[in-house]
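A look at the structure
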Amino acid sequence: MNVHIEPRPLAGQIPAVASKSDAHRLLICAALADGPVNLGLQTLSQDILATMDCLRALGAGVRQIGPDTWRIDPLQSPASAPTLDCGESGSTLRFLLPLAGALGAEAAFQGRGRLPQRPLTQLTDQLREHGMTFSGPSLPFSVGGRLKGGVFRLPGGVSSQFVTGLLLCSPLLEGGCQTEIEGRMESAAYVELTLSAMARFSVQAERLETGWRAVPGQRYRSPGRVQAQGDWSNSAFWLCAGALGGEIAVTGLDRDSAQGDKAVLEILSRMGAQTDWREGAAWVAPGKELRGVTIDAAEIPDLIPVLSIVASCAQGETRIIHAGRLRLKESDRLAACASLIRSLGGRVEELPEGLAIQGGGLRGGQADSFGDHRMAMAAAIAACACSQPVTIRGAQAADKSYPAFWADYQTLGGTVHELPIRP
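Residues numbered from 1 in each chain as written. Predicted model: local features only at pLDDT ≥ 70, side-chain atom pairs only at ≥ 80, totals over all residues. Heavy atoms only, no water.

1. Here we look at the pairing of strand β22 (residues 365–368)
Inspection of the sheet shows β22 paired to strand β23 (residues 390–393) by four bridges, in the parallel sense. Looking at β23, one finds that D368 is bridged to R393. The parallel pair β22 and β23, bridged by helix α11 (residues 373–382), forms a crossover whose chirality is right-handed. (Pairing = 2+ DSSP bridges. Helix = DSSP H or I, 4+ residues; strand = E, 2+ residues; numbered from the N terminus. Right-handed = clockwise from strand over helix to strand, strands pointing away.)

Here's what the structure looks like:
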């Protein structure tokens, strides 16, 4: 799908979609609980559907029982030789690999898009050391064996999803699970989100000086009902639009959430936007002038595509640092951000571990999503500040995390026209 967007600011109030980061974790905890769980989940995405499908394949019951409610009946025993299709969801794959081993399931894993190329070796090496077998080094592959507990050692530069996968399956491991991180752990806030989800199911883990340890002998206990949090990552697109044009308020967010991407308010404030928390909503409006700043991407990699657009519309230089892991996402996001900015008339230098963005504004033009949901949405937000229309190729990529994005864009005053694709 290609879309044509007229340049105009967005404004208004909109509810946050459900956090897929929180929903992944709650679904898995619920599938391992001692009784049924009703999960409040007001929106779905391709990634969440992938986790649901994989849990069904393993033997859990996952079905919708109301407009925004899903019932999860826990796993009694793993299904025989299940096939787990993770789609393009890195979270689904990295969370369920250790779980399959903890269950002793002989499972086949599949994935699409860039998922088979995304890094996995540091995790699979540790899983092998603790009893699992793999039919090959990369997707698709089959796994077998039973995962044993103990100490799992990972370098700090790897995805926090590796730590989360190990922690989520820890109550199933005899002797528990301890992760030792060598060096600085990036995206540690996502691990805190994992601990928060586990605690809602009565499982506790403690922060150590060099990692995390789940206390042995625990089990997941059904709380009856849980509610997925509002998503700061996807709400950031609207909040950044507020900095570029009209006032925007996003409801349904938890200002005390463990989600690291709530830092978007602090970063926009540093850049000169007006930010506030009003009547339970995050609120952003333009300030006198946006200015360039230095943004450390280590804890907030998912914010960089849309923040790079705000930086292009600021005055002066913005430097994105510690962003090397963005090259390993659904696209090479450093290269994709640089290409997007240039295609819309901005100036940027791509660095090995970051970006140097020269502000001054964007013109408009042709943009590519690179098959990446965050790049598609960032291009749409760019249209808020462009002087000419923006055409986005592959706009359907937004469905991966936010299927209602284009409808919500129009709710806030945007004009989106779907274009026929030429053969």
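2. Considering the pattern of salt bridges
Counted according to the given criterion, the structure contains 22 salt bridges. Residues K20 and D47 are paired through a salt bridge, measuring 3.0 Å at the closest nitrogen-oxygen approach. Taken together, the positions of K20 in helix α1 (residues 20–31) and D47 in helix α2 (residues 46–58) put the pair 27 residues apart, joining distant regions of the chain. For the pair K20 and D47, one class covers both residues: buried. The shortest N-O distance in the salt bridge between R393 and D368 comes to 3.8 Å. Highlighted residues: R393 in strand β23 and D368 in strand β22, separated in sequence by 25 residues. Relative accessible area serves as the criterion here: at 34%, R393 is assigned to the partly exposed category. The structure contains a network of salt bridges with shared partners spanning K20, D47, R118, D302, K329, E330, R333, D372, R374 and K400. (Salt bridge = Lys/Arg side-chain N within 4 Å of Asp/Glu carboxyl O. Buried < 20%, exposed > 50% of the residue type's maximum accessible area, 1.4 Å probe, protein only.)

3. A look at the sheet that holds strand β21 (residues 354–358)
Strand order in the open sheet made by the four strands is β18-β19-β21-β20, with mixed pairing throughout. For this open sheet the edge positions go to β18 (294–296) and β20 (347–351), each flanked by a neighbour on one side alone. With strand direction ignored, the average angle separating the axes of adjacent strands in the sheet is 15°. The sheet contact formed by β18 and strand β19 (residues 317–321) spans three bridges and is parallel. (Axes fitted to C-alpha atoms, helices over the stretch in contact; angles between N-to-C directions.)

4. Observations regarding α2
In a regular helix each residue adds 1.5 Å, so 13 residues correspond to 18 Å; α2 covers 19 Å between its end C-alpha atoms and thus fits that length. Listed as buried for α2 are D47, I48, A50, T51, M52, C54, L55 and L58. Taken together, the buried residues of α2 touch α1, β4 (61–66), β5 (69–73), β6 (83–85) and α3 (90–103). Looking at the residues trailing α2, positive phi occurs at G59, about 125°. (Expected span 1.5 Å × (residues − 1). Contact = heavy atoms within 4.5 Å.)

5. Thoughts on the nonpolar core
Buried together is how nonpolar side chains tend to be arranged in soluble globular proteins. W238, L268, I381, F405, W406 and Y409 are the most contacted members of the largest nonpolar core, which totals 75 residues. Broken down by element, the residue count for this core peaks at nine residues, all from helix α7 (residues 232–244). Apart from the residues lying within four places of it in its own chain, the contact partners of L268 are L239, C240, A243, A273, T275, V284, L307 and V310. Listed in part, the 71 residues of the second largest apolar core include F95, A102, F141 and Y220. (Core = buried A, V, L, I, M, F, W, Y, C linked by side-chain atoms within 4.5 Å.)

6. Looking at the packing of aromatic side chains
Evaluation of the coordinates by the stated rule reveals 12 aromatic pairs. Ring plane angle 50° and centroid distance 6.3 Å describe the contact between W238 and Y409, whose orientation is recorded as tilted. Placement of the pair is W238 in helix α7 and Y409 in helix α12 (residues 405–411), with a sequence separation of 171 residues. With a relative accessible area of 1%, W238 lands in the buried category. With centroids separated by 6.0 Å and ring planes inclined at 45°, the aromatic side chains of F405 and Y409 adopt a geometry described as tilted. Taken together, the residues F405 and Y409, both in helix α12 and four residues apart, mark about one turn of the helix. The class for F405 is buried, based on a relative accessible area of 0%. (Phe/Tyr/Trp six-rings, centres within 6.5 Å; stacked < 30°, edge-to-face > 60°.)

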